[in-house]
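Structure at a glance
Here's the letter readout for the chains.
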Amino acid sequence: MSNIKILDGGFSAQLSTHVGAKIDGDPLWTARFLATNPDAVYATHLDFLRAGADIIETNTYQASVSGLMEHLSIAEKDSIRLLHKAVNLAKKAVNDYAKEVTEKNDIENKNPLIAGSCGPYGAGLHDGSEYNGAYGKTTSREIMMQWHKSRINALVDAGVDMLALETIPCYQEAEVLVELLRQYPNVKAWLSFSCARNSQNIVDGSNFQEVATRCYKMALPGQIIAIGVNCIAPKDVSSLLRSINKGSVNEPIPLIVYPNSGETYSPTEGWIKAESCLLFESFIPEWLELGVQYIGGCCRMYAENIKSIRKEVKNFKKKHQQ
């Protein structure tokens, strides 16, 4: 229980507090700001660290070597340099934060880590296919592997502590990523899926428990630090996670969860607020009871939400120590 780690929140949401420019809908999403406003990227990382995050993610979710080349009209070497810059901005924030809290004894996240964010292949297609994973059936594994490999090479070379393989919508891509991960035996990662609402499936229709368990077993021992879900409404999390270790006689699979705010995203209308959303924090004790070891927020989750998560986790630990 003492090893529960707090993640950061939605980078786009928190970045919006620093920039007046449009973020959502851009083909590079937050990664554009690596070129146009790196100071805002750094400030966003610092916000999450000050809110209590143990692990922050690089803003490379929708960045790829080919995508940066295309949408910024730059050469391959400059594209790779920007991915390195994403890691270096996160490192600078971690280093500066560590200096800030050196003399403070009550700080729990004195040694934060950096995860290299790797969003799905579909996010780079800009056709909405990351919401259904349909490209898994039509895109060759070789193409997906090469697309991910060039970004992972850059993130690993720049010195991330781990990889965040996140919001994966189809089983084919999940298997490709685990296969690729095996080529980096010293690199740790978490694998997080995009799941359908009110179901036991990832968005391509595959059974979440089956795919997640298969991928976990495919990886080198200890290489996947957690399996779970992200960018899903908080109310839909528990039923998915409950299935993972149900009836297991083996060592339980470590779990990760970082949902969105519970609002619904429409590619045409943007974020639509739900009529009645239970407070995100109210679900946290249930997730921790299920064995979640990594917990944070995704879209529309700000630094303030990360503070609330840390507070709830602290309360949960206190109750279980009594």
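Definitions and cut-offs
- Within every chain, residues take consecutive numbers counted from 1 along the sequence as written.
- Note on the predicted model: pLDDT of at least 70 is required for a residue's local features to be given, and 80 or more for side-chain atom pairs to be given and counted; whole-chain, interface and lining totals, by contrast, use all residues.
- Only hydrogens and water are set aside; all other atoms, that is, all heavy atoms of the structure, feed into the side-chain values.
- What counts as a helix is a DSSP run of H or I of at least four residues, what counts as a strand is a run of E of at least two, and both are numbered from the N terminus.
- Using C-alpha atoms as the atom set, the radius of gyration is obtained and then compared with a globule rule of 2.2 Å times the number of residues to the power 0.38.
- Three labels apply to residues, based on accessible area from a 1.4 Å probe with only protein chains included: buried if under 20% of the type maximum, exposed if over 50%, partly exposed otherwise in between.
- Whether two residues are in contact is decided by their heavy atoms, any of which lying within 4.5 Å being enough.
- Accessible areas in this description were obtained via Shrake-Rupley with a 1.4 Å probe; residue shielding takes into account the shown protein chains only.
- As used throughout, the charge tally considers Lys and Arg to be positive and Asp and Glu to be negative, leaving His and the chain termini uncounted.
- The atoms used to mark charge sites are NZ of Lys, CZ of Arg, CG of Asp and CD of Glu.
- One speaks of a salt bridge when a side-chain nitrogen belonging to Lys or Arg is within 4 Å of a carboxyl oxygen belonging to Asp or Glu.
- N or O atoms closer than or at 3.5 Å make up a polar contact, with two conditions inside protein: a donor-capable atom paired with an acceptor-capable one, and, for residues adjacent in sequence, both atoms drawn from side chains.
- Between any two strands, pairing holds if DSSP finds at least two bridges.
- Only the stretch in contact is used when a helix axis is fitted, and all axes are lines through C-alpha atoms; the angle between N-to-C directions ranges over 0 to 180 degrees.
- We call Phe, Tyr and Trp rings a pair once their centres come within 6.5 Å, taking the six-membered ring for Trp, and we label the pair stacked below 30 degrees between planes, edge-to-face above 60, and tilted otherwise.
- For classification, angles of less than 35 degrees are called roughly parallel, those exceeding 145 degrees roughly antiparallel, those between 65 and 115 degrees roughly perpendicular, and all remaining angles oblique.
- The crossing is said to be left-handed when, going from far helix to near helix, the turn is anticlockwise and less than a right angle, and right-handed when the turn is clockwise.
- Ten residues, namely Ala, Val, Leu, Ile, Met, Phe, Trp, Tyr, Cys and Pro, are considered nonpolar, four, namely Asp, Glu, Lys and Arg, are considered charged, and the remaining ones, Gly among them, are considered polar.
- When two cysteine sulfur atoms are found within 2.5 Å, that pair is recorded as a disulfide.

**Regarding the overall build of the protein chain**
Helix and strand content of the protein chain: 12 helices and 10 strands. Here the protein chain has a C-alpha radius of gyration of 18 Å; the compact-globule value for 322 residues is 20 Å, and the two agree. Within the protein chain, buried positions represent 56% of all 322 residues. Restricting to contacts in the protein chain with at least 6 residues of sequence separation, those with at least 24 account for 76%. Looking at the protein chain as shown, the accessible area adds up to about 14,300 Å², and 49% of this sits on carbon and sulfur atoms. For the protein chain, the distance from the average position of its 33 positive side-chain charges to the average position of its 36 negative side-chain charges is 4 Å.

**Side note on the pattern of salt bridges**
If you walk through the whole model with that rule in mind, you get 13 salt bridges. Taking the shortest distance from any N to any O, the salt bridge between Lys92 and Asp96 comes out at 2.9 Å. Here Lys92 pairs with Asp96, and both are found in helix α5 (residues 76–100), just 4 residues apart, close to one helical turn. Of the charged contacts in the structure, one is a salt bridge between Lys314 and Glu108, with a shortest N-O distance of 3.7 Å. Residue Lys314 is found in helix α12 (residues 303–321), and its partner Glu108 is found in the loop between α5 and β3 (113–118); the two are separated by 206 residues along the sequence. Lys314 sits in the partly exposed class, given a relative accessible area of 41%. Shared partners join several salt bridges into a network, and the residues in it are Asp54, Glu108, Arg310 and Lys314.

**Description of the side chain of Asn109**
With respect to the helices and strands, the residue Asn109 is situated in the loop between α5 and β3. Note on Asn109: relative accessible area 4%, which makes it buried. In this structure the side chain of Asn109 is engaged in a polar contact, spanning 2.7 Å, whose partner is the side chain of Tyr97. Setting aside residues no more than four positions away along its own chain, Asn109 makes contact with Leu49, Gly52, Ala53, Asp54, Tyr97 and Arg310.

**Some points on the sheet that holds strand β5 (residues 189–193)**
One open sheet holds the 8 strands; their spatial order is β1-β10-β7-β6-β5-β4-β3-β2, and the pairing between them is parallel. Either end of the sheet is taken by a strand with one partner, and the two such strands are β1 (5–6) and β2 (55–57). Where β1 meets strand β10 (residues 292–295), 2 bridges bridge the pair, whose relative direction is parallel. Paired with Lys5 across the strands is Tyr294, a residue of β10. Of the strands in this sheet, β2 and β3 are in contact with α5, which crosses β3 at around 155 degrees. Packing of helix α8 (residues 171–181) onto the sheet brings it into contact with β4 (162–168), β5 and β6 (224–230), and relative to β4 it is tilted by some 170 degrees.

**Quick word on the packing of aromatic side chains**
Within the structure shown, the criterion is met by 7 aromatic pairs. Ring centres 5.8 Å apart and planes at 80 degrees place the aromatic pair Phe193 and Phe208 in the edge-to-face group. Here Phe208 lies in helix α9 (residues 208–218) and Phe193 lies in strand β5, a separation of 15 residues in the sequence. As far as the burial class goes, Phe193 and Phe208 line up, both buried. Plain terms: the ring middles of Phe283 and Trp287 are 6.0 Å apart, the flat faces sit at 10 degrees to each other, and that makes the pair stacked.

**Remarks on the packing of α5 against helix α7 (residues 141–158)**
Running from N to C, α5 and α7 point in directions that differ by 40 degrees, and their axes come no closer than 9 Å. In terms of axis orientation, α5 runs oblique to α7. Of the two possible hands of crossing, α5 and α7 adopt the one that is right-handed. From α5, Ile80, Leu83, His84, Val87 and Lys91 reach across to α7, where they touch Arg151, Ala154, Leu155, Asp157 and Ala158. Of the residues that constitute the contact of α5 with α7, the class distribution is 6 nonpolar, 1 polar and 3 charged.

**Focus: the state of the cysteines**
The full count for this structure, using the stated rule, is 0 disulfides. Not part of a disulfide, Cys170 finds its nearest cysteine sulfur in Cys215, a span of 10 Å. By relative accessible area, which is 0% here, Cys170 ends up buried. With no disulfide of its own, Cys195 has Cys231 as its nearest cysteine by sulfur position, at a separation of 11 Å.

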